[in-house]
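# Breakdown of the fold
What follows is each chain in one-letter form.
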Amino acid sequence: MESSRGTLKRSLGVVPIVFLGLAYMSPFAVFDTFGVVSNETHGHVPASYILITIAILFTALSYGKMVKIFPEAGSAYTYTKKTMNPQLGFLVGWSALLDYLFLPMINALLAGIYLSASFPSVPAWVWILGLILTITIMNISGVKIAVNANMLFVLFQLLVAILFVVLTIRTINGDVNSGFTLNPFYSEDIKLSLLFSGGSILALSFLGFDAVTTLAEETISPEKNIPKGIFLIALIGGIFFIMVTYFMQSLYPDVSVFNDIEGASPEIAKHIGGILFQSIFTSGALVSVLASGLASQMSASRLMFAMGRDGVLPRKWFGYLDKKTQTPIFNLIFIGLLSLSALFLDLVVATSLINFGAFTAFSFVNLSVIMYYVKNKQMMKRTSFIGYVIFPIIGLAFLVYLWFSLDQLAIIIGLSWFAIGFGLLLWITKGFKVKPPEYQFVENN
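Notes on the structure in this doc start here. (Residues numbered from 1 in each chain as written. Predicted model: local features only at pLDDT ≥ 70, side-chain atom pairs only at ≥ 80, totals over all residues. Heavy atoms only, no water.)

### Observations concerning the overall build of the protein
- Within the protein, the secondary structure is distributed over 16 helices and zero strands.
- The C-alpha radius of gyration of the protein comes to 22 Å, within 12% of the 22 Å expected for a compact globule of 445 residues.
- For the protein, the C-alpha atoms occupy an extent of roughly 70 × 60 × 45 Å along the three principal directions.
- Within the protein, contacts between residues at least 6 apart in sequence are counted, and of these 81% link residues at least 24 apart.
- With 26 positive and 22 negative side-chain charges, the protein shows a separation of 16 Å between the mean positions of the two kinds. (Helix = DSSP H or I, 4+ residues; strand = E, 2+ residues; numbered from the N terminus. Rg over C-alpha atoms; globule rule 2.2 N^0.38 Å. Contact = heavy atoms within 4.5 Å. Lys, Arg positive; Asp, Glu negative; His and termini not counted. Charge placed at Lys NZ, Arg CZ, Asp CG, Glu CD.)

### Focus: the environment of Leu 207
- Topologically, Leu 207 is positioned in the loop between helix H9 (192–202) and helix H10 (222–251).
- In this structure the C-alpha to C-alpha distance between Leu 207 and Asn 355, which are 148 residues apart in sequence, comes to 8.5 Å.

### What about the nonpolar core?
- Counting 125 residues, the largest nonpolar core has Phe 31, Tyr 49, Phe 164, Phe 209, Ile 268 and Phe 281 as its most contacted members.
- Tallying contributions element by element places helix H6 (residues 86–118) first for this core, with 19 residues.
- Among all residues touching Phe 281, those that are not within four sequence positions of it are Phe 28, Phe 31, Tyr 114, Val 160, Phe 164, Ser 265, Pro 266 and Ala 269. (Core = buried A, V, L, I, M, F, W, Y, C linked by side-chain atoms within 4.5 Å. Buried < 20%, exposed > 50% of the residue type's maximum accessible area, 1.4 Å probe, protein only.)

### Section: the side chain of Ser 62
- Relative to the helices and strands, Ser 62 resides in helix H4 (residues 45–69).
- Looking at Ser 62, the relative accessible area reads 2%, which means it is buried.
- If near-sequence neighbours (up to four positions away) are discounted, Ser 62 is found in contact with Val 365, Asn 366, Val 369 and Pro 392.

### Some points on the packing of aromatic side chains
- Following the criterion strictly, the structure yields 34 aromatic pairs and no others.
- Ring geometry for Phe 119 and Trp 127: centres 5.8 Å apart, planes at 40 degrees, overall tilted.
- The exposure class of Trp 127 is partly exposed, given its relative accessible area of 22%.
- Ring plane angle 40 degrees and centroid distance 4.1 Å describe the contact between Phe 196 and Tyr 401, whose orientation is recorded as tilted. Taken as a pair, Phe 196 in helix H9 and Tyr 401 in helix H15 (residues 382–403) lie far apart in primary sequence, 205 residues in all.
- Assessed through its relative accessible area of 8%, Phe 196 is described here as buried.
- The exposure class assigned to Tyr 401 is partly exposed, which follows from its relative accessible area of 39%.
- Through successive ring pairs, a cluster of aromatic residues spans Phe 28, Phe 31, Tyr 114, Phe 164, Phe 277 and Phe 281.
- Against the face of Tyr 388 rests Lys 65, its NZ or CZ located 5.4 Å from the ring centre. (Phe/Tyr/Trp six-rings, centres within 6.5 Å; stacked < 30°, edge-to-face > 60°. Lys NZ or Arg CZ within 6 Å of the ring centre and 35° of its normal.)

Printed below as a string of C-alpha cells:
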C-alpha cells in the first residue's frame, strides 16, 4: 500500500520480518535432503548443518551491513554494482539467476521423490511432469497466490514438522536399539571434508533467508530491524534444522537401510506414524513444493521479462506479455521446459546447481562489505575492521570451501552459465564500451 507521497508505508517490526523470512525459507526444506546428506556425511547431518549455519550467520551479518548502507536495495547484484563496478555486478546477478531458473526443477524433483515413496507403483516421471504442467498452466492463467496464504502454508508445514519430531522421539524411546547420543555431532569416523560436502547440499535449506532485505522501505527503523531480522532468521532456521535432523539421525544413524536414500524422509514418516502420518507428511511436502514451485516460476518469469524489456535478453521473446492474460507466456513455458531436467538429474546434482548461484551471491555480499570498507577510509577503526573485514573474510572462507565441495557436474554447468553471461555482457556493452543495462534483481537466496 502506498502513501500519498508515493512511498511504501513503514509498518513491519522485527517479529513479522522474521516470520516472513522463515516463510521464504520453507521449514519443510529440512526433510528434502536428509537422506542424501546422511549418506554423504556418514550419519552426521546435524554437524554438517552447524557448519553451513555458521557460514550463513557470517553472511547474514554482511547483508545487515549492506542494508544499512543501501536501505533501498537488497541483492548481491546491487551491492556488487555499487561497491565494485556495474559489469561485475551484472555477472553476479547473472550467476544468481540460476536459483530462479532451476528452483522450479528442484520442486518438481522433490514432488517425484515424495509421491514415489507413497505410491511406489507409479513412476516418478508422472509426478514430475504433473507438477510442472500444473504450476505452468496456473501461472499462464494468471493465478496469483495471496501473500497471506504463505502464513497458512508455513504454519501447516511447521505443525507437520513438530508432529514429525514428537513421533520420532516417541519411537526412539520405545526402541531398545535406538537412543540419544552425541554421535550425530561427533564420532570417531567423522571427516571435515565430508561435512563441508554435505553442507554444500544443505545450503538449499537456507535459500530465501535474505529475501527480507527487499522489505526495507516497509520496515520501521530498517537500519536496525532488517539486520536484526536477517540474523535471527538465519539463527532460528539453523537451530530448527539442527534439532530436527538430530532426532532423525538418532533414529536412523545409517540410511543405507532404505532402498531409496533420496526418499528417506517419507519412509521415516511411515515408520514413526504409519500410513496415516505418511499421508499427512506427504501433504505437507506437496504444499511446500507446490507453493514454492508456483512462486519461483512466477518470480523467474517476471525477472526474465524485466531483463527482456530492458534489453538484457532478446526483447521480442523475453519481453513479451500475452494480451489476454498479461503474463509472460514464453518465459513461463521456457522455465517449464527447463524444469524437465528433473527427469534425469539426481537430488545431489540438482541442489548443487541451485547452490552454485547462491554461493556466488553470498560470496560477493561478503566481498562488497570489504570493498566498501576499503573505499571509505573514515571507517578505519578497530571495531569497524573486525565487522567489515574479519567477519566477512570468515564468511567468505566458509563459502569458498563449500563452493568447491559442490558436485563436479554442477560446477561445470555453473561455470558454463557464467561464460554465457560473460559473452552476453560483451555483446550488450559492445566490448565494455557502454554500461550494461540495469534491471531489478530480487534474489531467492
